[in-house]
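What follows is the residue order along each chain.
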Amino acid sequence: MTEAMKRRLFGVAALAVAGAALFYVGMSDMGDDLVYYWTPSELIAAAEAKEATVRLGGMVKPGTLDWDRDAQQARFTITDGDHEVPVHCTGNPPQMFREGIGAVVEGKLGTDGVFRTDRVMVKHSNEYEAPDGHPPEVQTTLVDE
Amino acid sequence: MSTEAVASAPAPTKSRFHWEHLVGLLGLVLLVAGQYMGLFVAPPERMMGEVGRILYTHVPAAWLAMVAFTVAFVTAVAHLFTGRRGLDWATEAAVEVGAMLNVLLLIQGSIFARPTWGVWWTWDPRLTASAIMLLTFVGVLMLRGAVRDPDRRATWTSVATVLAYVNIPITYFSVKWWRSLHQIQSSPETVADPMVFVLRLNAFAFLFIMIWFIARRWRLAQTLARADEAPPLPAQEAT
């Protein structure tokens, strides 16, 4: 076998292995077993999740946020539309945190059904909007003040 | 005899003007304009405020890192099928420039994440895939550095690049395939018009600078290869 043939064979083999690996990752249901966060429904359904450190993700239910910045305590409810979990956070959530926003919290679900966390992460949507939809000139001056 | 040897030796380096400098100049002009607009002309983001402006460097770095690795993938496959040495230099150049953009991407992403998400780093699928992307291509460069024979080095680099490239579509689709903290891809429909324009301006700036860097790195690889393979100098030949 000539060097050129050997090299082409390597090329075909590398492409085949790469293609198979990509196909496997893309088509397998890896994402079902390996999740970055649990939804409230999943967390409530899984009894073994009690007292285990997990991430819980969902929307901060509007009207549930009780945030005492000085005491560094925040209470709110994470919902996925079907189920909801009350969350007690020690420490201040990040600045962008508010009601109606997506959030992921790291901590443990207590036997009393309250999820205790000291780490809140805010999920930003893929939307980038100017404040209030004002024309750019207006907003820049408004925000600068 | 000695005059022939001199003639076949590589030409001394002359400061010739190469086309890529024009591309690089265009990229730098666009970068200055794009960053100025991103910092002072574009509106702040509704939720993220001024911090949202890092969009104009973070997103171009992500796109162009993937473009650079795609260039490397294409030249690696082409090298395996044609054996042309110039394609191997192109793979080396594109992988190095892509790795640099990947480092930039991770650093900017971390700076973006702290004020918006609240953490510098989290093992979210997109972040993890981007970190693996950097490590695999650094691995390609380390493998390359460990092989002395130019032909074998070129083949190994090409094969490793093709294998490492698997992670680019995985990184791109990670936000769609798996639950993540990182948002899914934005589109012109989800980004306010003045921001789309500034983002495009910066993306083209990064594109031209990437082409400039890859072309310069390719010429460096060519020069090094020629020096490596040059016939012995006449003085050494005589001894």
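Parameters and conventions
- Residues numbered from 1 in each chain as written.
- Chains lettered and ligands numbered in written order.
- Predicted model: local features only at pLDDT ≥ 70, side-chain atom pairs only at ≥ 80, totals over all residues.
- Heavy atoms only, no water.
- Domains from an automatic or database assignment.
- Patch = residues over 30% accessible without salt bridge, like charges linked within 9 Å, V, L, I, M, F, W, Y side chains within 5 Å.
- Areas by Shrake-Rupley, 256 points an atom, 1.4 Å probe, with all protein chains shown as cover.
- Salt bridge = Lys/Arg side-chain N within 4 Å of Asp/Glu carboxyl O.
- Helix = DSSP H or I, 4+ residues; strand = E, 2+ residues; numbered from the N terminus.
- Buried < 20%, exposed > 50% of the residue type's maximum accessible area, 1.4 Å probe, protein only.
- Core = buried A, V, L, I, M, F, W, Y, C linked by side-chain atoms within 4.5 Å.
- Contact = heavy atoms within 4.5 Å.
- Buried area = accessible area lost by both parts, 1.4 Å probe.
- Polar contact = N/O pair within 3.5 Å; in protein donor to acceptor, adjacent residues only side chain to side chain.
- Expected span 1.5 Å × (residues − 1).
- pLDDT = per-residue confidence, 0-100.
- Phe/Tyr/Trp six-rings, centres within 6.5 Å; stacked < 30°, edge-to-face > 60°.
- Axes fitted to C-alpha atoms, helices over the stretch in contact; angles between N-to-C directions.
- Parallel < 35°, antiparallel > 145°, perpendicular 65-115°, else oblique.
- Left-handed = near helix turned anticlockwise from the far one by under 90°.
- Nonpolar A, V, L, I, M, F, W, Y, C, P; charged D, E, K, R; others polar.
- Pairing = 2+ DSSP bridges.

K.L.:
Which residues make up the domain arrangement of chain A, and what values do they have?
P.N.:
Its domain assignment divides chain A into domain 1 (1-30) and domain 2 (35-123). The gap between the C-alpha centroids of domain 1 of chain A and domain 2 of chain A is 44 Å.

K.L.:
Break down a nonpolar patch on the surface for me, with residues and values.
P.N.:
Residue and element names in this part refer to chain B. Together, Tyr36, Leu39, Phe40 and Val41 make up a nonpolar patch on the protein surface, roughly 420 Å² of accessible area in all. Within the secondary structure layout, Phe40 lies in helix α2 (residues 20-41). A residue is classified by how much of its surface remains accessible, and Phe40, at 54% relative accessible area, is exposed.

K.L.:
With reference to specific residues and values, describe the nonpolar core.
P.N.:
One finds Leu43, Leu56, Phe76, Phe97 and Phe115 of chain A to be the most contacted residues of the largest nonpolar core, which totals 36 residues. Looking at this core, the elements that each hand over two or more residues are β1 (53-60), β3 (73-79), β4 (84-90), β5 (102-109) and β6 (115-123) of chain A together with α3 (55-82) and α8 (193-229) of chain B. In terms of residue count, α8 of chain B provides more of this core than any other element does, four residues in total. In this structure, Phe115 of chain A is in contact with Leu43, Val54, Leu56, Val85, Pro86, Val87, His88, Val105, Glu106, Gly107, Lys108 and Leu109 of chain A, ignoring residues within four places of it in sequence.

K.L.:
Account for the interface of chain A and chain B, with residues named and values stated.
P.N.:
Each partner contributes residues to the interface: chain A has 46 residues there, and chain B has 45 residues. Between chain A and chain B the total buried area reaches about 4,100 Å² when both faces are included, carbon and sulfur atoms providing 65% of it. Counting across the chain A and chain B interface gives one salt bridge. The salt bridge partner of Arg179 of chain B is Glu42 of chain A, with a shortest N-O separation of 2.7 Å. At the boundary of chain A and chain B, one finds 16 residue pairs in polar contact (both at pLDDT 80 or more). Looking at the side of chain A that touches chain B, the elements with two or more residues in it are α1 (3-27), α2 (30-33), β5, β6 and α4 (136-144) of chain A.

K.L.:
Any details on α2 of chain B? Residues and values, ideally.
P.N.:
Over its 22 residues, α2 of chain B extends 30 Å from the first C-alpha to the last, a length consistent with the 32 Å expected when each residue adds 1.5 Å. For α2 of chain B, the elements touching its buried residues are α3 and α8 of chain B.

K.L.:
Tell me about the confidence of the model for chain B, and name the residues and values.
P.N.:
Counting all residues, the mean pLDDT for chain B is 90, and 92% of those residues have values of 70 or more. Here helix α1 (residues 2-8) of chain B is the element of chain B with the lowest mean pLDDT, 49, and α3 of chain B is the one with the highest, 97.

K.L.:
Explain the packing of aromatic side chains residue by residue, including any values.
P.N.:
Counted according to the given criterion, the structure contains 13 aromatic pairs over all chains. Both rings, one in Tyr36 of chain A and one in Tyr37 of chain A, keep their centres 6.1 Å apart while their planes meet at 75°; by these two values the pair is edge-to-face. Centroid distance Phe73 of chain B to Tyr165 of chain B: 4.4 Å. Interplanar angle 20°. Geometry classified as stacked. With a gap of 92 residues between them, Phe73 of chain B in helix α3 and Tyr165 of chain B in the loop between α6 (150-164) and α7 (167-177) connect regions that are remote in the sequence. Phe73 of chain B sits in the partly exposed class, given a relative accessible area of 22%. Each member of the aromatic cluster is reached from another via a ring pair, and the members are Tyr172, Phe173, Trp177 and Trp178 of chain B.

K.L.:
Give me the packing of helix α5 (residues 125-146) of chain B against α7 of chain B: which residues, what numbers.
P.N.:
The description of two packed helices rests on the angle between their axes and on the distance between the axes. Residue and element names in this part refer to chain B. For the pair α5 and α7, the least separation of the axes is 8 Å and the interaxial angle reads 165°. The pairing of α5 with α7 is recorded here as roughly antiparallel in orientation. Judged by the sense of rotation from one axis to the other, the crossing of α5 with α7 is left-handed. Between α5, through Pro125, Arg126, Ala129, Ser130, Ile132, Met133 and Phe137, and α7, the contact on the second element is made entirely by Asn167, Ile168, Thr171, Tyr172, Ser174 and Val175. The residue inventory of the contact of α5 with α7, partitioned by class, reads eight nonpolar, four polar and one charged.

K.L.:
Just give me the short version of the pattern of salt bridges, but keep the residues and values in it.
P.N.:
Residue and element names in this part refer to chain B. Inspection of every chain in the model, using the stated rule, returns 15 salt bridges over all chains. A salt bridge links Asp228 to Arg148; the shortest N-O distance between them is 3.6 Å. You can see Asp228 sitting in helix α8 and its partner Arg148 sitting in the loop between α5 and α6, a full 80 residues away along the chain. With a relative accessible area of 58%, Arg148 lands in the exposed category. Through salt bridges with shared partners, a single network forms among Asp88, Glu92, Glu96, Arg144 and Arg217.

K.L.:
For the side chain of His79 of chain B, give the residues involved together with the corresponding values.
P.N.:
Residue placement: His79 of chain B occurs in helix α3. Among the polar contacts made by the side chain of His79 of chain B, one reaches the side chain of Ser158 of chain B at a distance of 3.1 Å. Ignoring anything within four residues of it in the chain, the contact list for His79 of chain B reads Arg7 of chain A together with Arg84, Leu87, Asp88, Ala154, Thr155 and Ser158 of chain B.

K.L.:
Tell me what's going on with the pairing of β5 of chain A, and back it up with residues and numbers.
P.N.:
Working note: regular strand, side chains alternate between the two faces of the sheet. All names here are of chain A. The buried count for β5 comes to six of eight residues, which makes it a mostly enclosed element. Pairing of β1 with β5, which is carried by seven bridges, proceeds in the antiparallel orientation. Opposite Met59, over in β5, you have Gly102 as the bridge partner. The pairing of β5 with β6 spans eight bridges and is classified as antiparallel. Bridging from a neighbouring strand, Val105 pairs with Val120 of β6. Following β5, the chain reverses through five residues before pairing antiparallel with β6; Gly113 in that reversal takes a positive phi of roughly 85°.

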